[in-house]
Amino acid sequence: MPPSSTDAREHSHPPATPPRRLPRLPGPAVRTGRARWGKRGPATWRPSAADREILWLYLSTRVGIWLTAYCARWLFPSDLGTHDPGPLLAPFQHWDWDHFLHIAQQGYFPGQAGPWQADWDNREAFFPGFPLVLRAVHVVVPDWGLAGLTVSFVSGAVAVLALARITRHHLYDMEAGRRSVLFFLISPCAVFLAVGYTEALFLALALPAWLAAQRHNWPLAMALTAAATAVRVSGLFLAAALATHFLLSLRSTRNLRPLPWLALPALPLFLFSWFLQSRTGEWMAWKHAQERGWYRVFHTPWEAWINTWNNAFDRTQSTGYAFMFQAELVVMAVGLVLLVVLARKRRWPETVYVALSLCALGTSYWYVSIPRAALLWWPLWIGLAAWSLRSPRFKTAYLCLAAPVSTVFALTFFTGRWTG
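Nothing here was measured: the structure is a model prediction, and the numbers come from that model. (Residues numbered from 1 in each chain as written. Predicted model: local features only at pLDDT ≥ 70, side-chain atom pairs only at ≥ 80, totals over all residues. Heavy atoms only, no water.)

Chemist: Whenever I open this one, the packing of helix H5 (residues 144-171) against helix H7 (residues 199-214) confuses me. Can you help?
Modeler: Axes are the key here: two packed helices are described by the angle between their axes and the distance separating the axes. Relative orientation of the contacting elements H5 and H7 amounts to 30°, with a least axis distance of 7 Å. As summarised for this structure, H5 and H7 are arranged roughly parallel, according to the angle between their axes. Of the two possible hands of crossing, H5 and H7 adopt the one that is left-handed. Here H5 contributes Ser152, Ser155, Gly156, Val158, Ala159, Ala162, Leu163, Arg165, Ile166, His169 and His170 to the contact with H7, which in turn contributes Ala200, Leu201, Leu203, Ala204, Leu207, Pro208, Trp210, Leu211 and Gln214. Residue classes in the contact of H5 with H7 are distributed as 13 nonpolar, six polar and one charged. (Axes fitted to C-alpha atoms, helices over the stretch in contact; angles between N-to-C directions. Helix = DSSP H or I, 4+ residues; strand = E, 2+ residues; numbered from the N terminus. Parallel < 35°, antiparallel > 145°, perpendicular 65-115°, else oblique. Left-handed = near helix turned anticlockwise from the far one by under 90°. Contact = heavy atoms within 4.5 Å. Nonpolar A, V, L, I, M, F, W, Y, C, P; charged D, E, K, R; others polar.)

Chemist: What is the right way to read the packing of aromatic side chains from this model?
Modeler: Any pair of aromatic rings gets described here by the distance separating the centres and the angle formed by the planes. Enumeration over the complete set of coordinates arrives at 39 aromatic pairs. Ring geometry for Phe192 versus Tyr197: centroids 5.2 Å apart, planes at 50°, classification tilted. A single burial state applies to Phe192 and to Tyr197, both of which are buried. Each ring, one from Phe409 and one from Trp418, has its centre 5.2 Å from the other, and the planes form 75°; the classification is edge-to-face. Among the aromatic residues, ring-to-ring pairing joins Phe92, Phe100, Phe126, Phe130, Phe192, Tyr197, Trp294, Phe323, Phe409, Phe413, Phe414 and Trp418 into one connected group. (Phe/Tyr/Trp six-rings, centres within 6.5 Å; stacked < 30°, edge-to-face > 60°. Buried < 20%, exposed > 50% of the residue type's maximum accessible area, 1.4 Å probe, protein only.)

Chemist: Sorry, what's going on with the packing of H7 against helix H8 (residues 218-231) here?
Modeler: Contact geometry for H7 and H8: axes closest at 8 Å, N-to-C directions at 160°. Compared by their axis directions, H7 and H8 come out roughly antiparallel. Seen from above, H7 lies across H8 with left-handed handedness. Every residue of H8 that contacts H7 at Leu201, Phe202, Leu205, Ala206, Pro208, Ala209, Ala212 and Ala213 is listed here: Trp218, Leu220, Ala221, Leu224, Thr225, Ala227, Ala228 and Val231. Partitioned by chemical class, the residues of the contact of H7 with H8 number 15 nonpolar, one polar and no charged.

Chemist: Explanation requested: the pattern of salt bridges in the structure shown.
Modeler: Oppositely charged side chains may form a pair once their charged atoms are brought near each other. The final tally for this structure, using the stated rule, is eleven salt bridges. Here Arg168 ties to Asp51 by a salt bridge, and the two come within 3.3 Å at their closest N and O atoms. Of the two residues, Arg168 is situated in helix H5 and Asp51 in helix H2 (residues 49-75); the sequence distance between them amounts to 117 residues. Judged by relative accessible area, Arg168 falls into the buried class, the value being 2%. Ionic contacts of the salt-bridge type, sharing partners, join the residues Asp96, Glu199, Arg232 and Arg372 into one network. (Salt bridge = Lys/Arg side-chain N within 4 Å of Asp/Glu carboxyl O.)

Chemist: Looking at this model, I keep getting lost on helix H11 (residues 285-294). Mind explaining?
Modeler: Because an α-helix completes one turn every 3.6 residues, residues spaced three or four positions apart along the sequence face the same direction. Among the residues of H11, those classed as buried are Ala285, Trp286, Ala289 and Gln290. Buried residues in H11, looked at end-on, bunch into an arc of 145°, giving them a common side. Elements that come into contact with the buried residues of H11 comprise helix H10 (266-280). Just beyond H11, the residue with positive phi is Tyr295, at close to 55°. (Arc of directions from axis to C-beta.)

Chemist: Would you mind going over H8 with me for this structure?
Modeler: In this model H8 runs 20 Å from its N-terminal to its C-terminal C-alpha over 14 residues, within 8% of the 20 Å that 1.5 Å per residue would give. Taken together, the buried positions of H8 are Trp218, Ala221, Met222, Leu224, Thr225, Ala226, Ala228, Thr229 and Val231. Buried positions along H8 lie against helix H4 (129-138), H7, helix H9 (234-253) and H10. (Expected span 1.5 Å × (residues − 1).)

Chemist: Could you clarify how one ought to interpret the environment of Trp377 in this entry?
Modeler: Among the structural elements, Trp377 can be located in the loop between helix H15 (370-373) and helix H16 (378-390). Here Trp377 falls in the buried class, since its relative accessible area comes to 0%. Separated by 39 residues in sequence, Trp377 and Leu338 place their C-alpha atoms 9.2 Å apart. In this structure, Trp377 is in contact with Val331, Gly335, Leu338, Tyr353, Ser357, Leu358, Leu361 and Ile370, ignoring residues within four places of it in sequence.

Chemist: What am I meant to see in the environment of Val340 here?
Modeler: Here Val340 shows up in helix H13 (residues 319-344). With 15 residues separating them along the chain, Val340 and Ala355 place their C-alpha atoms 9.6 Å apart.

Chemist: Which parts of the structure should I look at to understand a nonpolar patch on the surface?
Modeler: Together, Trp56, Leu59, Val63, Trp66, Leu67, Phe153, Val154 and Val158 give the surface a local cluster of nonpolar side chains, amounting to about 710 Å² of exposed area. Sorting the residues of the nonpolar patch by element identifies H2 and H5 as the ones contributing at least two each. (Patch = residues over 30% accessible without salt bridge, like charges linked within 9 Å, V, L, I, M, F, W, Y side chains within 5 Å. Areas by Shrake-Rupley, 256 points an atom, 1.4 Å probe, with all protein chains shown as cover.)

Chemist: Looking at this structure, how should I read the side chain of Glu199?
Modeler: With respect to the secondary-structure elements, Glu199 resides in helix H7. Using a relative accessible area of 0% as the deciding quantity, one classes Glu199 as buried. Setting aside residues up to four positions removed in sequence, Glu199 forms contacts with Phe192, Leu193, Arg232, Arg372, Leu375 and Leu376.

Chemist: How should I be thinking about the environment of Thr68 in this particular structure?
Modeler: Within the secondary structure layout, Thr68 lies in helix H2. Along the primary structure Thr68 and Pro91 are separated by 23 residues, whereas in three dimensions their C-alpha atoms are 9.7 Å apart. Not counting residues within four places of it along the chain, the set of residues in contact with Thr68 comprises Ala410, Leu411 and Phe414. For Thr68, the side chain forms a polar contact with the main-chain oxygen of Gly64, separated by 2.9 Å. (Polar contact = N/O pair within 3.5 Å; in protein donor to acceptor, adjacent residues only side chain to side chain.)

Right under this line is the structure:
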């Protein structure tokens with residue numbers, strides 16, 4: 001049937017005003033690179049463009065630390081007149097590394113050795129997670145020192161990816177993830193992420209556990225937290241924080257089935273305590289070793305502050321030790337400010353985590369290793385990233401202040417003069 005004149009006009013002449021296109025609303029397809037972590041739906045660990053940027057930043061800072069170690073080996077030898085800088089990996093093998101190495105090689109109580117000897121090294125103060133991983137990697141990497149660096153290098157990469165994703169989950173800004181990782185990697189004690197220590201491995205387990213909890217995947221979250229507890233006692237602080245998060249989530253989910261999983265992180269501590277009790281007769285042998293070797297005997301918070309202050313400023317210690325006590329005081333103050341900020345924002349799980357950490361660190365005879373422990377306070381790095389987004393000058397100020405201090409701390413470690 002031939003079309004009518006009206007139909008013919010409609011087909012032969014375009015409309016006078018073309019139809020408007022609806023504006024494209026921002027959604028998951030537009031926010032390319034944002035980590036897909038939500039309360040529902042699948043998640044992916046496939047590296048995005050943002051993840052690759054984070055890994056490039058991580059590798060760049062690792063190269064900087066390796067160059068610092070190389071220069072320290074040549075410029076600051078123990079004997080200024082030497083013509084031999086020593087083994088290539090020697091700058092990375094100081095202090096706690098010796099304990100981890102001896103545990104991985106010999107176990108906790110080789111032969112008849114133990115805390116009943118006067119010259120005992122108190123190695124049972126260190127949890128078995130890192131030595132076990134070190135021993136496993138040593139099967140593939142024959143050199144013990146290189147095996148330790150491999151563990152920390154791989155763990156650090158996992159940790160920074162998880163930190164960036166947690167940051168983007170909270171701040172919804174692609175730049176925020178990169179900034180939190182940058183502040184984290186340039187922080188004064190970031191050198192401990194590049195050596196054979198526990199910080200990188202702990203974060204490689206703790207941060208993915210936190211991400212899993214955000215998705216309410218409690219079996220995975222608690223399994224990773226249990227593994228983190230095998231590395232450091234700080235895993236119990238993480239378990240308490242995740243338990244707080246679980247209780248708060250009950251207001252919306254009303255699901256009590258994952259409740260038994262909350263007890264899983266206590267299992268590694270129980271097994272380790274049982275092992276030590278079978279050898280020493282003491283369930284708290286790891287705690288007693290810390291008291292003997294590092295003065296971690298309970299004191300009130302004000303007593304710990306006064307003792308640290310006196311050793312920092314009363315000239316009772318050598319300058320190196322006094323400087324580290326000053327650093328302990330500064331980072332403790334930063335931790336207290338962080339705690340107040342988290343509480344005011346009602347970020348209760350993070351508040352519990354930081355509060356327990358500060359309580360454990362702030363009730364010894366004096367402060368020990370608080371700057372190192374600050375690496376584990378990921379709410380701090382997220383908060384600094386948020387601050388830098390609001391105040392552009394903050395990023396410049398932070399980098400100008402943190403970079404030289406980080407270099408000094410790295411040199412003191414690589415030359416064997418670290419006292420913290």
